[in-house]
Amino acid sequence: MKKNDIIQNSNSLMKISIIIITIMVCGVIFAPLICKFDPYTVDLTKRLLSPGTDGHVFGTDGFGRDLFARIIYGGRVSIGLSVCVVMVNAVLGLIIGSTAAYVGGATDEIVMRIVDVLMSFPSIILTLFIIGVLGPSINNMFFALIVLGWIGYARMARSLVLSLKEQSFITAARGIGCNDARIIFLHVIPNVMPMIITFAALHIGSTILAISSLSFLGLGVQPPTAEWGATLSEAKQYLSLYPHMIIFPGIAIALSMFSFNMLGDGLRDFADPHLKKTIKT
Amino acid sequence: MRLIESQDLKVHFDSPAGRVKAVDGVNFHIDEGEKLVFIGETGSGKTVLGMTIMKLLPTNVFYSGQLIYKDKELITASEKEMQEIRGKNIAIIMQNPLSSLNPCLSIKEHLVQVLIKHKQMNKKEAQAEAERILIRTGIPENLLNYYTHQLSGGLRQRAMIALGIACDSEILIADEPTKGLDVTVQMQIVNLIKRITDETKKAMFIITHDLGVAAALGDRIAIMYCGRILEIGTAEEVFGSPEHPYTIGLINAHPSRGLHPIEGFGASLIDIPEGCVFSPRCQYADELCMRVEPPDKVLSETHKVRCYYASSK
């Protein structure tokens, strides 16, 4: 009974998070229809308006640009970029990790030692180093996030495939005459995907945060491009007098992280085939 | 017609603890439509023997001797040749159905995949055929799309049997088909296997440690111990007039005969006893038994016993 309650609960949290994510994604896609103002039009006569005045729902920033429009357009960069980063990482990690595990031997050793070497770097320092060398820009940040991002997926895919490889249903599949390709696509990947997808959903949240922090530090998205972290960074000089400028992008980051984390948690329950039935009832 | 014949078949593994001689010099044959049952304690090499026929053993294995399927030598067959044989000519019902079925596929989907692969059916035909086979093994029609974890042990075993018979293979290997089932379900499964093999005249290679199952299913019985066949013969010969002390011990250990256990433990497959492998536990063993391994004593055309004193006790 108690277990059921927990599942029911997490399920409703997941529903909320799916609703929030849907709204965000729709808002980001249909941004030009939603926003009355252009996020890049500077109007110095309307600087630092508080929320609600003159049709600016979230007010304006130090250059008189509409904050609501900047957050919506900023979401395009934050959410879009992090989804891309996660997708590239997941596919890369899945391919590298599962190949290493399936082939085994020297290939496995080499790949895993590379992973170990990359793991031993503190991720933030390596990211800062790459951006520092290549120069701050969206492309370089994208690259820096991929250099370290695939490692987690590769390790995860490898360990999953290694344990799957020894399962007797894989032997049974060979016993009915399956070849390697068939075993990988029919028996291995479907059993690995739920965990990878769950991990990816959780990873989107942290990637949004990473992109925002790098942009906040001036290492990622460059002004005047609208992005949540960059918007926060621009707002920090008005912190004491016009706190609305920092509150709204902050809420956007927190809300998106919360929803993706909750989505990941919910997916984890679904990913476990033994819980499937309990969730349905 | 002779389907499978083995000559001095040996299957060894390399392990850190030493060479594991799981199967050590086994001779047997299976004819068309015949059911051969292998009985033995845990660790006597029965399962390894079954997996050897399918060549499904890990990579640290060493084969020697002969294992011939029709005209084909299986020991030297390549993985690609084996892929053609597996499922189509020789099928296996693996032990432990829960872990031998993919948790991501429904039981019907398992069968559909086999049928598409081996019978070149399209998806629709395969689905109809899969339903027919599953219903034939006694799975209720409304459970066909269930996943393994949603089914009971008996139903899982039925699904495994359905997979085994899906391709009308000539030989079906059943590795402990009644393991972990309660007695009433065991009986149902035994009857199911009996019915299906009677209908299809399939040859079977059954591995079990349940004498009741062996007596109900087997045409011929082989008693395995320590990677060797100690006694082989028809069911009447082995159960009616057992000659090897180990066979007699096994029969006396059955609850209906008073549950008298055989003293001692099964020998380690790494450190095999000198002389007759059963001599350390045998009450009749003498100095000769401890020193030299006895040859197979032929008692009749079908009945062979590996004991010096067979038919003299």
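With that out of the way, let us pick up the overall build of chain A. Counting secondary structure elements, chain A contains 11 helices and zero strands. Put simply, chain A runs from its N terminus to its C terminus through helices and strands in the order α-α-α-α-α-α-α-α-α-α-α. The buried share of chain A, reckoned over its 281 residues, is 39%. Of the contacts formed within chain A by residues at least 6 apart in sequence, a portion of 68% connects residues at least 24 apart.

This part is about helix α7 (residues 168-175) of chain A. Where burial is concerned, most of α7(A) is hidden: seven out of the eight residues are buried. Burial in α7(A) covers these residues: Phe169(A), Ile170(A), Thr171(A), Ala172(A), Ala173(A), Arg174(A) and Gly175(A). Of the surrounding secondary structure, the elements contacted by the buried residues of α7(A) are α6 (138-165) and α8 (180-216) of chain A together with α1 (46-54), β6 (90-93) and α3 (97-100) of chain B. Gly177(A) sits one or two positions beyond α7(A) and adopts a positive phi of about 95°.

Core analysis: the biggest nonpolar cluster contains 149 residues, and Leu111(B), Ile173(B), Ala222(B) and Ile223(B) have the highest contact counts within it. Not counting chain neighbours up to four residues away, the residues in contact with Ile173(B) comprise Gly50(B), Ile53(B), Met54(B), Ile90(B), Ile92(B), Ile93(B) and Phe205(B).

Glancing now at the confidence of the model for chain A. The share of residues in chain A with pLDDT of 70 or more is 93%, and the mean pLDDT across the chain is 84. Throughout residues 277-281 of chain A the model reports pLDDT below 50, and contacts reaching past four residues in sequence, or to other chains, amount to seven contacts.

Residues and elements named next belong to chain A. Two elements in contact, helix α3 (residues 67-103) and helix α4 (residues 105-120), have axes whose closest approach is 7 Å; the angle formed by their N-to-C orientations is 145°. Handedness of the α3/α4 crossing: left-handed. Contacts between α3 and α4 involve Ile96, Ala100, Ala101 and Val103 from the former and Gly105, Thr107, Asp108, Val111 and Met112 from the latter. Among the residues forming the contact of α3 with α4, the class breakdown is six nonpolar, two polar and one charged.

What counts and how
Residues numbered from 1 in each chain as written. Chains lettered and ligands numbered in written order. Predicted model: local features only at pLDDT ≥ 70, side-chain atom pairs only at ≥ 80, totals over all residues. Helix = DSSP H or I, 4+ residues; strand = E, 2+ residues; numbered from the N terminus. Buried ≥ 20, exposed ≤ 12 C-beta atoms within 10 Å, placed from the backbone. Contact = placed C-beta atoms within 7 Å. Core = buried A, V, L, I, M, F, W, Y, C linked by C-beta atoms within 7 Å. pLDDT = per-residue confidence, 0-100. Axes fitted to C-alpha atoms, helices over the stretch in contact; angles between N-to-C directions. Left-handed = near helix turned anticlockwise from the far one by under 90°. Nonpolar A, V, L, I, M, F, W, Y, C, P; charged D, E, K, R; others polar.

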